[in-house]
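Reading the structure
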Amino acid sequence: MPGLYTGTALFRLAMSWAVLAAGLPLLAVDFDRDVRPVLSENCYTCHGPDASQRQAGLRLDQEDQARHVAGEVLARVSSDDPSRRMPPAYLGHDRLSDRDISSLREWVEAGAPWSAHWAFVPPDPGNPPAVKWEGRVRNAIDRFVFRRLEQEGLAPARDADRRTLIRRLSLDLTGLPPEVAAVHAFVGDPAPDAYERLADRLLRSDRFGERLASRWLDAARYADTQGYQNDAPVQMWRWRDWVIESFNSNKPFDEFIVEQIAGDLLPEPTLEQLIATGFNRNHRSNSELGIVDEEYRVEYVVDRVETMSTVFLGLTVGCARCHDHKYDPISQREFYQLFAYFNNVPERGRVLRPFNSPPLIPAPTRGEARELAELDGHIAEATSEFRASREAASNQFAQWERSLAASGGSTDWYPRRGLAARYGFEGGLGDGVASGQIRYAEGRAGRALALQGEGHVEVRGIGDFDYNDRFSLGARVMPSSPHGVIVSRSEAFNTDDENAGRGVTLVLEDGRPRLKLIGRMDDWIIASAREPIPLRRWSHVAATYDGSRLAAGVTFYVDGLPVESVADLDYSNGGIRTTEPFRIGEGADAGSGFAGAIDDVVVYTRELGIDEARMLAVSENLGEIARLRPDSRTEGQALKLEHAFADMHGPRRLRTAWARLGQFRRAREALARRVSTVMIMAEMNPGRNTFILERGAYDKPGEQVLPSIPGIFDSSPESTPRDRLGLARWLVDPANPLTARVTVNRFWEMLFGSALVRTPENLGTQGERPTHPQLLDWLALEFIESGWDVKSVLKTIVTSSTYRQESNGSQDSVRRDPQNWLLSRAPRFRLPAEAVRDQALLLAGLLHERIGGPSVKTYQPEGLWFDIAAGGGYQRGRGNDLYRRSLYTYWRRTIGPPSMLNFDSATRETCTVRTERTNTPLQALNLMNDVTFVEAGRKFGERLYLEGGETIDDRLAHGFEMATARRPNAQEAEILRGAFERQLRAFRADPDAAKALLDQGESPAREGIPRIELAALSMTAGMILNLDETLTKQ
Amino acid sequence: MTPPEAAIHLTRRHFFGRGATGLGIAGLAHLLRAEAPAHSGLPELPHFAPRAKHIIYLFQSGGPSQIDLFDHKPRLDELHGTELPDSVRRGQRLTGMTASQKTFPVHRTWFDFRQHGESGAWVSELLPHTAGIADRLSFIRTMHTEAINHDPAVTLFQTGAQLAGRPSIGAWLAYGLGSENEDLPAFVVMTSRGSGRVGQALYTRLWGSGFLPSRFQGVKFRSQGDPVLFLSNPTGVSRSRRRMFLDDLMALNRIQQEEFSDPEIETRIAQYEMAFRMQASVPDLMDFSNEPESTYKLYGEDARKPGTYARHCLVARRLVEQGVRFVQLFHRGWDQHRALPEQLAKQCADTDQASAALVMDLDRRGLLDETLVVWGGEFGRTVYCQGKMTERTYGRDHHPRCFTIWLAGGGVRPGVTYGETDEFSYNAVSNPVHVHDLHATLLHQVGVDHTRLTHRYQGRQFRLTDIGGEVIRDLLT
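Reading the values: the criteria
Residues numbered from 1 in each chain as written. Chains lettered and ligands numbered in written order. Predicted model: local features only at pLDDT ≥ 70, side-chain atom pairs only at ≥ 80, totals over all residues. Heavy atoms only, no water. Helix = DSSP H or I, 4+ residues; strand = E, 2+ residues; numbered from the N terminus. Rg over C-alpha atoms; globule rule 2.2 N^0.38 Å. Buried < 20%, exposed > 50% of the residue type's maximum accessible area, 1.4 Å probe, protein only. Contact = heavy atoms within 4.5 Å. Lys, Arg positive; Asp, Glu negative; His and termini not counted. Charge placed at Lys NZ, Arg CZ, Asp CG, Glu CD. Areas by Shrake-Rupley, 256 points an atom, 1.4 Å probe, with all protein chains shown as cover. Pairing = 2+ DSSP bridges. Axes fitted to C-alpha atoms, helices over the stretch in contact; angles between N-to-C directions. Phe/Tyr/Trp six-rings, centres within 6.5 Å; stacked < 30°, edge-to-face > 60°. Buried area = accessible area lost by both parts, 1.4 Å probe. Salt bridge = Lys/Arg side-chain N within 4 Å of Asp/Glu carboxyl O. Nonpolar A, V, L, I, M, F, W, Y, C, P; charged D, E, K, R; others polar. Parallel < 35°, antiparallel > 145°, perpendicular 65-115°, else oblique. Core = buried A, V, L, I, M, F, W, Y, C linked by side-chain atoms within 4.5 Å.

**Brief notes about the overall build of chain B**
When its secondary structure is counted, chain B shows 14 helices and 17 strands. The C-alpha radius of gyration of chain B comes to 24 Å, within 12% of the 23 Å expected for a compact globule of 477 residues. Principal axes of the C-alpha set define a box for chain B whose edges measure 85 × 55 × 40 Å. Here chain B holds 477 residues, and the buried ones make up 65% of them. Of the contacts formed within chain B by residues at least 6 apart in sequence, a portion of 79% connects residues at least 24 apart. With 53 positive and 53 negative side-chain charges, chain B shows a separation of 3 Å between the mean positions of the two kinds.

Rendered as structure tokens:
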């Protein structure tokens, strides 16, 4: 395949061939262009930056030494004596090529001049040169490109026609082709700035942000799952939407970078700035049972360093993880100095599953934020109404209090919402069933259950909690032994089954209340109160859990007050539900029973608040409280009285106000629970110490290092950034020689199919040299000076004559510049994976355009997940979810969407800034047979019938124009018509086939179109979707 | 019929079937010009005369227990229940599943071992069929790896690195050696699961192309729906209708090609033709109606059922007959942390006969010489017990330091047992074989010097064996 196996040498060869062919003198030897690559490729492994591999103490990557021994180097590489020759024959190296040797010779003869690697030197474009084709110059880009063409004896191609231009520009800036009406408008626009206005319009389109985001998601390895082993879901789409919005609002790219790297460290960061830091949490993460925590935590930090270096610096810093970089001046120490910036995240190596792991924040969308604010307003308003009505009811309250005190009744009150069960044992066991000998004892108030370490009360149907449910358990206890289960719904612990202990258990161990949430194997959360409760005295114990899957989500209350707790075990990555019954006073194991008295057992299906826990501990009923003097009541007692009054016994106005307040609070809680979270960056304080890891291994720490940027850049102690924010600001400092170049280089690649530096992932010494170094530098400076204005730099590029050339170049251009390195014509290449599908949906009228939101599950062949993954299968979405733009397609990292992967998309496992473009039979099968495209063909056919005019020729020509932005020529029109007629005849002979074809896909067929004709039109429309021209930007 | 003949034949059939429309003739002429540019490999390959043309890798995913299958350790009967000495464990890191275990009691195997064949190889009673062909196999007892968890361990075996992003071994071979058959992919993958527990997940990266062009990735043959994704025409589109569609599509693409001299257009036309041929060749391959009864005697009744390991072994033989370069099977379910005796027996029952049958079948057809068969998992299992010490329910954790795989055919010496392990089957005592060494050896057998099959990415040359790998010459004929 052309272009796949190119290297520097081949490139230079081709260039010089072009030069020779043009009869021009060869360019004089340039150290950085011609010599350093030879040294780097052939010598640096043993005589380069890597200290551990360095032979004879010689390094040829540093000016002094290299220039000193230049003559000797030349002698050794050109020696005929294999025992003297370098690189050594005994290591299997061949003699250097004649060309490489002659470059070295020229260099030595010129006095071995030295210059730094081009990418480490600040951009310096020089003046845009005057060129032969002044009339064609639209901006400085053209000067650099034309100058080069001139030198090579080539000429630029003509401007492409308007139809070609509008399709090219639309696909490039929005990822979708233009509507036919827009094509006609542009073709008929007589204004001299028609093209510029078109560019402006496309840059303003919301589709622009989606188009730009697609590439950024590849670089940022964005996906919807964790990426290891069972590959559970995560939720990072709020970050994805932030990216789209940033491009659409033309956020200056320096801010775009700073917010992603260190938004959390900005002063008083906004929600959006926090969401931005999700960039560094998009890496794969492992929740597999049995992994070593630190091993993976280190991997995450390494991934951040590698991604940051690739995306912003275009350097393969990751090579220095295990040893000094072999080619670039990055030592292993410097790698870990960068590592130190990203090493302070309060995170764990083994992440939770499914969904997000800390640090995370709820990230309401704009709409949700608005709703939340509205509810807050309602709550505030309801609160003041409640206060006012309570005040107005103070007489009634006093009266009620007096009557309560006088009545001597047993009226009581406790929180009822979410109450699943309550056992006071006054009238017996309720729906409970005694197992073993059950006795009663005197309780704190009334009767209590008395147990001697055996026997329990069994209840069916309550306590069926999972690890992400919220719940609360409580009881009044008087233990006579420090060990024993208070309540449980769990399996036996004492077995070798991997589900030993599965379920929920509230137990006393060493006198300390302890809550256990246990799943399979080591999926355990165990949290305990720090202090024991007293023996042979009544205490109230409650435990609440917030469903966070973290021990920190458990709160213990003793006698109504929150107490300090400790996390004994803190991993919960699997369900904990069990079919065991709920038991009071015992677990499933013999000998686990409680000894002493138990009373007032409660089970709530929600997390109780602090006031509620306090009231729950109050054993006195309302009458008893009322009889106490107000100033001798405990806070819990007073609260209970107040709540009872507002809830049930006060005047109507007060009760209504109370009920309303409760409603709004619950509505807010429910909404807040629905809000998606996003994983973000945060700093621990104090941070972790960072060590050089020997051979990159997590368990081989060596010397300690502090955060710092590599010495190749100015890293004096004053200028070295101290933290991530400093690092981010250094990345976008105009003095940084790389960030702007790397960025414009990738923009160039997006538009031209290959970048000015053909290795956009590597601008280091082993990367390719830019084909147009001055142009790259000019664009980089232009970008910085514009205030990192993305739309502006893109507009500059697309309005150049270079961009506007025809892709159908002259024979000379094709023959002498087959790879189009010199830009003697516009490029022609297949659309990216997303655009292939999005275009088909658009043409079919199926595309459902809506920005953002959770990822959607589109058509996917049955069983794709089930075949190789654990857990459930793929639950395809319905309706509009099937027709969203492809950047919203749910991305399971270990089993990516096949119709994306077939078209060379990144896998989203690691940062990818360049993918190869291939052309395979699987793509053909995909386009012909995937229901997405079959359905698109069918709906496209419908549109042609309804919108394309009256005759078949008109309809087909319209379809052709929709797909390619041009009218078919006579020959093409004849083939289209013939194709349609052949299909029509065949369907007439087999009407069932027509029906079967029109049944493909979920979208209903429009009524009133003759079926046979529609089937034939659908096949022909499908063929238009498969045209090389449709799939290609040209 | 050789592939080009097949193409011509197909075209003629289509042509005569279509009748004399002018386009049919044009279509034929174009088709004959458009020989599919099947990738014929890198020009410098093979580096030397290959011993084998094909590799079938029978990957046993989850980590089969070498102690209960191949690595016979009679002293464990005496040591049963004793603590594994620290001098043996030597600080080997443990998975999180047993790291909190307080004791590490040695557990003998529950199964009988016997020596088999003239070579006297030890095989347990769980694998009677494998035992029956012991003289044709070459056992490596001292495979070892660094990884202790499934994902990185399987990824290492398939791509030479624990982390994602590298090309799989099959992709390297498709890239380096190309395809022998224009109608089928060079690298085919099939996955199955046992009748016991479902087993560990797999990931498409295991047959991915990493940084190589995606055309070299493995093509998964499936047992549900289309054997290859999107292979079948939608209902309502017959083969002749598809032919018609392609002729017209090609005619339009030709016009475009005359306008633009872009070789990609030619390639696209050819790839649509290959897709069309695959639509015939793959179903042919999966059509078992002509397979004689004796086949099912050999491979077992399971081979009648799509999706089983036995069926996949049979498909593997057919693929190799068709010239497919690399066939990768994955069979899940070898992760016996608990209830090993029952679960392992099921796994063996699901796979033993078919694995042996494949070797015998290849041999009978004269294909074993040119086909290297590999059987093995991503690590072995610990001598110490995980969970409760009972003869029927004991389990074993992951063990990276030594485990057993076997090779057959493809120029590997049969009847050899290579490498010794200590009396606990915990450490290699002699001839340790790293994953990179195995890779180097596999590549060597197909004529590839593993240090020279490289691809430049991120400014350096990458290879399957990273910076390691020694060919195990003692194993080769």
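**Side note on the overall build of chain A**
In terms of regular secondary structure, chain A is built from 38 helices and 22 strands. Dimensions of chain A along its principal axes, counting C-alpha atoms only, are 115 × 85 × 55 Å. Here the contacts in chain A between residues at least 6 apart in sequence split such that 71% fall between residues at least 24 apart. Accessible surface computed for chain A: about 39,200 Å², of which carbon and sulfur atoms make up 50%. Of the charged side chains in chain A, 128 are positive and 145 negative; the average position of the first set lies 3 Å away from that of the second.

**Considering the sheet that holds strand E10 (residues 512-518) of chain A**
All names here are of chain A. A sheet is described by the order of its strands in space; here eight strands give the open sequence E3-E6-E16-E8-E9-E10-E11-E15, paired in antiparallel fashion. Lying at the two open borders of the sheet, with one neighbouring strand each, are strand E3 (433-435) and strand E15 (565-570). Going from strand to strand, the sheet's axes swing by 20 degrees on average, the running direction of each strand aside. Judged from the two bridges that link them, strand E8 (residues 484-490) and strand E16 (residues 582-584) form a sheet pairing that is antiparallel. Each bridged residue has a counterpart across the sheet, and for Ser488 the counterpart in E16 is Arg583.

**With respect to the packing of aromatic side chains**
All names here are of chain A. Across all of its chains, the model carries 54 aromatic pairs over all chains by this definition. Where Trp216 meets Phe256, the ring centres are 5.1 Å apart and the plane angle is 55 degrees; that geometry is what we call tilted. Highlighted residues: Trp216 in helix H11 (residues 206-219) and Phe256 in helix H13 (residues 253-262), separated in sequence by 40 residues. The same class applies to Trp216 and to Phe256, which are both buried. Taken together, a centroid distance of 6.0 Å and an interplanar angle of 85 degrees make the contact between Phe747 and Phe783 edge-to-face. A residue pair is termed long-range when its members are at least 10 positions apart, and Phe747 in helix H24 (residues 739-752) and Phe783 in helix H25 (residues 773-785) qualify at 36 residues.

**Things to note about the interface of chain A and chain B**
Each partner contributes residues to the interface: chain A has 95 residues there, and chain B has 85 residues. Of the roughly 8,000 Å² buried at the junction of chain A and chain B (both faces included), carbon and sulfur atoms supply 54%. For Lys220 of chain B, the salt bridge goes to Asp867 of chain A, with nearest N and O atoms at 3.2 Å. When contributions to the side of chain A that touches chain B are tallied by element, the ones reaching two or more residues are helix H15 (293-313), helix H30 (864-868), helix H31 (898-901), helix H32 (921-929), helix H35 (970-989), helix H36 (991-998), helix H37 (1011-1026) and helix H38 (1028-1031) of chain A. For the side of chain A that touches chain B, the residue count by class is 42 nonpolar, 28 polar and 25 charged.

**Observations concerning the packing of helix H21 (residues 635-649) of chain A against helix H22 (residues 652-674) of chain A**
Residue and element names in this part refer to chain A. The N-to-C vectors of H21 and H22 enclose an angle of 105 degrees; their axes lie 7 Å apart at closest approach. For the element pair H21 / H22, the angle class is roughly perpendicular. Contacts between H21 and H22 involve His643, Phe645, Ala646, Asp647, Met648 and His649 from the former and Leu654, Arg655 and Trp658 from the latter. Each residue belonging to the contact of H21 with H22 can be placed in one class, and the counts come to five nonpolar, two polar and two charged.

**Looking at the nonpolar core**
Core analysis: the largest hydrophobic core is formed by 195 residues, its most contacted members being Leu58, Phe221, Leu319 and Trp406 of chain B. Dropping the residues within four chain positions of it, Phe221 of chain B is found in contact with Leu184, Pro185, Val188, Val189, Met190, Pro227, Val228, Val282, Leu285, Met286 and Leu319 of chain B. One finds Tyr222, Met681, Ala780 and Ile784 of chain A within the second-largest nonpolar core, a separate group that totals 127 residues.

**Brief notes about the pattern of salt bridges**
Considering all chains together, one arrives at 111 salt bridges over all chains under this definition. For the salt bridge of Arg741 of chain A with Asp777 of chain A, the shortest nitrogen-to-oxygen distance reads 2.8 Å. Note that Arg741 of chain A is positioned in helix H24 and Asp777 of chain A in helix H25, a separation of 36 residues in sequence. With its nearest N and O atoms 3.9 Å apart, the salt bridge here joins Asp838 of chain A to Arg837 of chain A. By relative accessible area, which is 2% here, Asp838 of chain A ends up buried. A single network of salt bridges, built from pairs that share partners, joins Glu291, Arg317, Arg318, Glu321, Asp361, Arg364 and Arg365 of chain B.

**Re unusual backbone geometry**
Residues and elements named next belong to chain A. For the bond running from Met86 to Pro87, omega is -15 degrees, close enough to zero to count as cis. By the secondary structure assignment, Pro87 is in the loop between helix H5 (70-77) and helix H6 (98-109). A cis amide bond, omega -5 degrees, links Pro358 with the succeeding residue Pro359. Looking at where Pro359 falls in the secondary structure, it is placed in the loop between helix H16 (332-341) and strand E1 (360-362).

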